[in-house]
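The primary structure of each chain is shown beneath.
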Amino acid sequence: MILDSLRGFALLGICLANFPEFGLWTFLSSEAHACMESAGVDRVVRFLLYLLVDAKFYGIFSILFGIGFSLILSHAAERGQRGVGLFYRRMLVLLCIGCCHLLFVWNGDILVLYALVGMLLPLLRRLSGHALLWMAGVCLVVPVLIDAWQEGTGVSLSAPVYDAWWQVAAANGITQDNFATWLRDSQSYPEMFSFLKQGAVERMYEFVDGHRLLKVLGLFLIGYQIGRSRLYARLEELGGALRKCCWWGLLTGLPTSVLYAMSATQGHPWGLTVHSLLYTVSALPMTLAYISGCCVLYLHRPRHWTFRLLASNGRMALSNYIGQSLVGIAIYYGIGLGLGTAMGLAQIELVALGVYGLQVLLSLLWMSRFRFGPLEWLWRMLTYGQRLPLKR
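Read on for a plain summary of the structure.

About the criteria used
Residues numbered from 1 in each chain as written. Predicted model: local features only at pLDDT ≥ 70, side-chain atom pairs only at ≥ 80, totals over all residues. Heavy atoms only, no water. Helix = DSSP H or I, 4+ residues; strand = E, 2+ residues; numbered from the N terminus. Rg over C-alpha atoms; globule rule 2.2 N^0.38 Å. Buried < 20%, exposed > 50% of the residue type's maximum accessible area, 1.4 Å probe, protein only. Contact = heavy atoms within 4.5 Å. Patch = residues over 30% accessible without salt bridge, like charges linked within 9 Å, V, L, I, M, F, W, Y side chains within 5 Å. Areas by Shrake-Rupley, 256 points an atom, 1.4 Å probe, with all protein chains shown as cover. Salt bridge = Lys/Arg side-chain N within 4 Å of Asp/Glu carboxyl O. Lys, Arg positive; Asp, Glu negative; His and termini not counted. Charge placed at Lys NZ, Arg CZ, Asp CG, Glu CD. 1 Å grid on protein atoms, 1.4 Å probe; cavity = no way out; pocket = protein on both sides within 12 Å on 5 of 7 lines; lining within 4 Å. Points joined across faces, edges and corners; volume = space filled by probe spheres on them. Nonpolar A, V, L, I, M, F, W, Y, C, P; charged D, E, K, R; others polar. Phe/Tyr/Trp six-rings, centres within 6.5 Å; stacked < 30°, edge-to-face > 60°. Lys NZ or Arg CZ within 6 Å of the ring centre and 35° of its normal. Disulfide = S-S within 2.5 Å.

Quick notes on the overall build of the protein
Then, in step 1: Of regular secondary structure, the protein possesses 17 helices and 0 strands.
Then, in step 2: By the compact-globule yardstick of 21 Å for 392 residues, the protein fits well, its C-alpha radius of gyration being 21 Å.
Then, in step 3: When the backbone C-alpha atoms are referred to their principal axes, the protein occupies close to 55 × 50 × 40 Å.
Then, in step 4: Taken over 392 residues, the protein has a buried fraction of 53%.
Then, in step 5: Counting only contacts in the protein whose residues sit at least 6 apart along the sequence, the fraction spanning at least 24 positions is 77%.

As C-alpha cells, this is what we get:
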C-alpha cells in the first residue's frame, strides 16, 4: 500500500503545481499580478509553492516510476516472461496517451517525457547499484554544468526551439499580447486547438531549456535502485535509516529551498548557474524527505484511513492526472466556465485543493467497485493485448 499511498500523495503536489497554469495565472505579467486584490497573499503562496512543492512532487513520481520498472522486471521473471518487452509495450502505450494529452488536451503534459526517458531504463538495467547511483548523480549534476557554460558563453542551447515555438505561435495568430488570454477567450475547441499546437512546441522548449531528460533519468535510476533493492518492502528493518533520511532531507532541503524560492520569485538575482544549483540541492533532499517521512508515518499507523484514501487515489494516478487537466479546462478555459485570469494564485490553489479532495473521494468509491482506474484499465489491455475484467 505504501507505493500507492506515495503516488496518491504526489498527485496532491502535482495538482497544486499545475493549477496556476490551468488558471492562466502563470501566463500573466508581474504587473497584472500586482493589480489583483489578492496580490499580497499571492506573493506568499507563490513563495511557498517554490519552497515546498516545485520539483519535489514530480520528483516523487519520477522515483516511483523507477521503482515500477523494477517491479515489472521482477514480476515478469516470476511468471517466466520477458519483462523488457512488456515494459517497452507499456511505454509505447504511455507515449500514445501522453501525445494525445499533449496535443489535444493540455500542453503541460509530462507523460511523453516519462515514456521516452523510460525507454532508456532497460539499457541500464544490468548496471551495479553503485554504478546506477553514480550515473544518477551525473544526470543531476550535468544540468548545472550546462547552465554554467551557457551563462559563461552567452550561448543558449534551447534558442532554436524557442524560435520555432514562436514561429508556430505566430502562424496561429498567437502573440505576446494575446498569449495570456487566448484560452480564456476561446469559445470553441478549434480555437483552443490553435493554442495547443504552439503549446506542444513550447513544451519541447521547456524540456530542452530545463534539461528535463537528464533530471528525470537521474530520478528514474534512483527509483530503479530502490526498487531493485526492495527497500519499499523492508520498511520495518529500515525504520531508523528512514528517520535519518527524513531529517537529513529536511535539514538540507529546507534552507536550500528557501534560497531557491528567493531566486525563483526575484528573477534569479544570483544568476542562472546559482539558480540551477539551488534547484538541484533543494529538490532531491526534499523529495527524499517527503518519501521517507511518509514511510515513517506508515510504519507507525499502517492502517490509518489517510493511507487508505491516498492509496485509492494512487492506484488510478493516470486517470486522476488526466482528470485534473479536464477539470482545469472546464473551470478556466473559454470552452468551459471561462474563469481564467479572474482568480488570484491563492484562490486557484484553494480550487486545486477542492479538486484533489473530490478526486480522493471519487477514487475511493471507484476502487471499491472496480479493479483499475479507467485509463489504467485501457493501459493494461493495450499493453497485454487482451481484454481484462474491470469490475471486482
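Some remarks on unusual backbone geometry
Then, in step 1: Even without a glycine there, the phi angle at Ala-55 is positive, about 75°.
Then, in step 2: Judged by relative accessible area, which is 12%, Ala-55 ranks as buried.
Then, in step 3: At His-211, a residue that is not glycine, the phi angle is positive and equals roughly 55°.
Then, in step 4: Tracing the sequence through the fold places His-211 in the loop between α10 (189-209) and α11 (212-228).

Observations concerning a positive patch on the surface
Then, in step 1: A cluster of basic residues, Arg-79, Arg-371, Arg-380 and Arg-392, forms a positive patch on the protein surface.
Then, in step 2: Here Arg-371 shows up in the loop between α16 (345-369) and α17 (374-384).
Then, in step 3: Using a relative accessible area of 39% as the deciding quantity, one classes Arg-371 as partly exposed.

Section: the pattern of salt bridges
Then, in step 1: Counting across every chain of the model gives 5 salt bridges.
Then, in step 2: In this structure, the salt-bridge partner of Arg-203 is Glu-206, at a minimum N-O distance of 2.8 Å. Pair noted here: Arg-203 and Glu-206 are both in helix α10, with a separation of 3 residues, about one helical turn.
Then, in step 3: Residue class for Arg-203 comes out buried when judged on its relative accessible area of 9%.
Then, in step 4: Here Glu-237 ties to Arg-234 by a salt bridge, and the two come within 3.1 Å at their closest N and O atoms.
Then, in step 5: Look at Glu-237 and you get exposed, because its relative accessible area is 58%.
Then, in step 6: Salt bridges linked by common partners bring Asp-4, Arg-7 and Arg-315 together as one network.

Notes on empty space enclosed by the protein
Where empty space is left becomes clear once a probe the size of a water molecule has been rolled over the atoms.
Then, in step 1: On inspection of all chains with the given rule, the structure shows 2 cavities of 30 Å³ or more.
Then, in step 2: Taken as a whole, the largest cavity encloses approximately 110 Å³ of empty space.
Then, in step 3: When contributions to the lining of the largest cavity are tallied by element, the ones reaching two or more residues are α11 and α13 (272-300).
Then, in step 4: Sort the elements by how many residues they give to the lining of the largest cavity and α13 lands first, with 5 residues.
Then, in step 5: When the residues that make up the lining of the largest cavity are grouped by side-chain class, the tally is 7 nonpolar, 2 polar and 1 charged.
Then, in step 6: Taken together, 13 residues form the lining of the second largest cavity, with Glu-21, Phe-27, Trp-106, Asn-107 and Phe-195 sitting closest to its centre.
Then, in step 7: Top contributing element to the lining of the second largest cavity by residue count: α10, with 6 residues.
Then, in step 8: A class-by-class count of the residues in the lining of the second largest cavity yields 6 nonpolar, 3 polar and 4 charged.

Remarks on the layout of surface pockets
Then, in step 1: By volume, the second largest pocket amounts to about 500 Å³.
Then, in step 2: Along the wall of the second largest pocket there are 24 residues; nearest its centre are Ile-226, Leu-231, Cys-245, Leu-288 and Ile-291.
Then, in step 3: Mapped onto the lining of the second largest pocket, the elements with two or more residues apiece are α1 (2-22), α4 (56-78), α11, α12 (239-265) and α13.
Then, in step 4: Tallied by class, the residues present in the lining of the second largest pocket amount to 21 nonpolar, 3 polar and no charged.

Concerning the packing of aromatic side chains
Any aromatic ring pair is given by two values, namely how distant the centres are and how the planes are angled relative to each other.
Then, in step 1: Evaluation of the coordinates by the stated rule reveals 26 aromatic pairs.
Then, in step 2: Taking the centre distance of 5.0 Å and the plane angle of 50° together, the rings of Phe-69 and Tyr-224 count as tilted. Taken together, the residues Phe-69 in helix α4 and Tyr-224 in helix α11 connect sequence positions 155 residues apart. In terms of burial, Phe-69 and Tyr-224 fall into one category: buried.
Then, in step 3: An aromatic cluster is defined as three or more aromatic residues linked by ring pairs; in this entry it consists of Phe-27, Tyr-162, Trp-165, Trp-166, Phe-179, Phe-195 and Tyr-205.
Then, in step 4: Against the face of Tyr-58 rests Arg-212, its NZ or CZ located 4.9 Å from the ring centre.

Brief notes about the state of the cysteines
Then, in step 1: Under the criterion given, the structure shown has 0 disulfides.
Then, in step 2: Between Cys-246, a free cysteine, and Cys-245, which holds the nearest cysteine sulfur, the sulfur-to-sulfur gap is 7.4 Å.
Then, in step 3: On the accessibility criterion, Cys-246 (15% relative accessible area) is buried.
Then, in step 4: Looking at the unpaired Cys-295, the closest cysteine sulfur is the one in Cys-294, lying at 7.0 Å.
Then, in step 5: You can call Cys-295 buried: its relative accessible area is 6%.

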